[in-house]
Amino acid sequence: MKPSVYFKNTYRPEWLLEPLSKAMIKAVDKSEVIGPALIQSPVLGPIPPERLSGGVKTLILIWHVLDKVFNASNCGDNCAPWLLRMGRERDITINLRHLLDFGAEPFDLKILNTGTVVHSMRELVPIAGDFV
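Cut-off values and rules
- Every chain is numbered independently, its residues counted from 1 as its sequence is written.
- A pLDDT threshold of at least 70 governs which residues receive local features in this predicted model, and a stricter bar of 80 or more applies before side-chain atom pairs are shown or counted, although totals over entire chains, interfaces and linings include all residues.
- Derived side-chain values reflect all non-hydrogen atoms in the structure, with water molecules and hydrogen atoms excluded from consideration.
- What makes a nonpolar core is a set of buried Ala, Val, Leu, Ile, Met, Phe, Trp, Tyr and Cys residues whose side-chain atoms join them at distances within 4.5 Å.
- For each residue, the accessible area found with a 1.4 Å probe, counting protein chains only, is set against the maximum for its type, and the residue is called buried under 20%, exposed over 50%, and partly exposed in between.
- A run of DSSP states H or I qualifies as a helix once it reaches four residues; a run of E qualifies as a strand once it reaches two. Both are numbered from the N-terminal end.
- Contacts are assigned to residue pairs with any non-hydrogen atoms lying within 4.5 Å of each other.
- For the charge count, each Lys or Arg is scored as positive and each Asp or Glu as negative, with His and the chain ends excluded.
- What counts as a salt bridge is simple: a side-chain nitrogen of Lys or Arg found within 4 Å of a carboxyl oxygen of Asp or Glu.
- Pairing between strands is defined by DSSP: at least two bridges between the two strands are required.

Engineer: Quick question: what am I supposed to make of the nonpolar core here?
Structural biologist: Where a protein is soluble and globular, its nonpolar side chains tend to be buried together. Membership of the largest hydrophobic core comes to 37 residues, with the highest contact counts inside it found for Leu16, Ile25, Leu59, Ile60 and Phe102. Going through the elements one at a time, helix H2 (19-29), helix H3 (54-64), helix H4 (80-89) and helix H5 (121-128) are the ones with two or more residues in this core. Here this core gets six residues from one element, more than from any other, and that element is H3. Sequence-distant contacts of leucine 16, that is, excluding residues within four places in its chain, are made with Phe7, Tyr11, Ser21, Lys22, Ile25, Val33, Pro36, Ile39, Pro49, Leu52 and Ile60.

Engineer: In this structure, what is going on with the side chain of lysine 57? I would like to understand it.
Structural biologist: Within the secondary structure, lysine 57 is located in helix H3. Within the buried set, lysine 57 has no salt-bridge partner at all; the shortest N-O distance to an opposite charge, 7.9 Å, is to glutamate 50. Once you skip the residues sitting within four places of it in the chain, lysine 57 turns out to touch Ser4, Phe7, Pro49, Glu50 and Leu52.

Engineer: Whenever I open this one, the pairing of strand S1 (residues 32-35) confuses me. Can you help?
Structural biologist: If a strand is regular, its side chains alternate between the two faces of the sheet. In this structure, S1 lies alongside strand S2 (residues 38-41), joined through three bridges in antiparallel fashion. Looking at S2, one finds that valine 33 is bridged to isoleucine 39. Taking the residues between adjacent antiparallel strands as the criterion, S1 and S2 are bridged by two residues.

Engineer: When you look at the pattern of salt bridges in this model, what are you seeing that I'm missing?
Structural biologist: Opposite charge on two side chains allows them to pair when their charged atoms are near. Following the criterion strictly, the structure yields three salt bridges and no others. Its salt-bridge partner being aspartate 67, residue lysine 68 comes within 3.9 Å of it at the nearest N-O pair. Given the relative accessible area of 63%, aspartate 67 is considered exposed. Across the salt bridge formed by glutamate 89 and arginine 85, the nearest N and O atoms sit 3.7 Å from each other. Of this pair, glutamate 89 and arginine 85 both sit in helix H4, four residues apart, roughly one helical turn. Overall, arginine 85 belongs to the partly exposed group, its relative accessible area being 33%.

Here it is, written out as structure tokens:
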């Protein structure tokens, strides 16, 4: 599923007012949520939510739309900590077609292609290399 199209047509303005969404927008896009329909970007100026980065839109969808699997390939390495954080709070499933840097700290990821659970980038990279 293409997150930008899905976000544009399904997001709810109240999602942007939640603390987690605001924090993700601040960290990933360096932007401030002014209101449910207005984001202040340091690069673009005032923008509607539809102009947020693909990574932030994907993160917001992953958190709010629990019955879909989103393509997290729009996400850069700056989204990886947020994926790990969401995964610690609830099970999430994503489609990923590139290798994200999840950092040096231990983590728990299950690669559905193989059923393997990995706990570090050292364990993840060889397996992910077969698929991305």
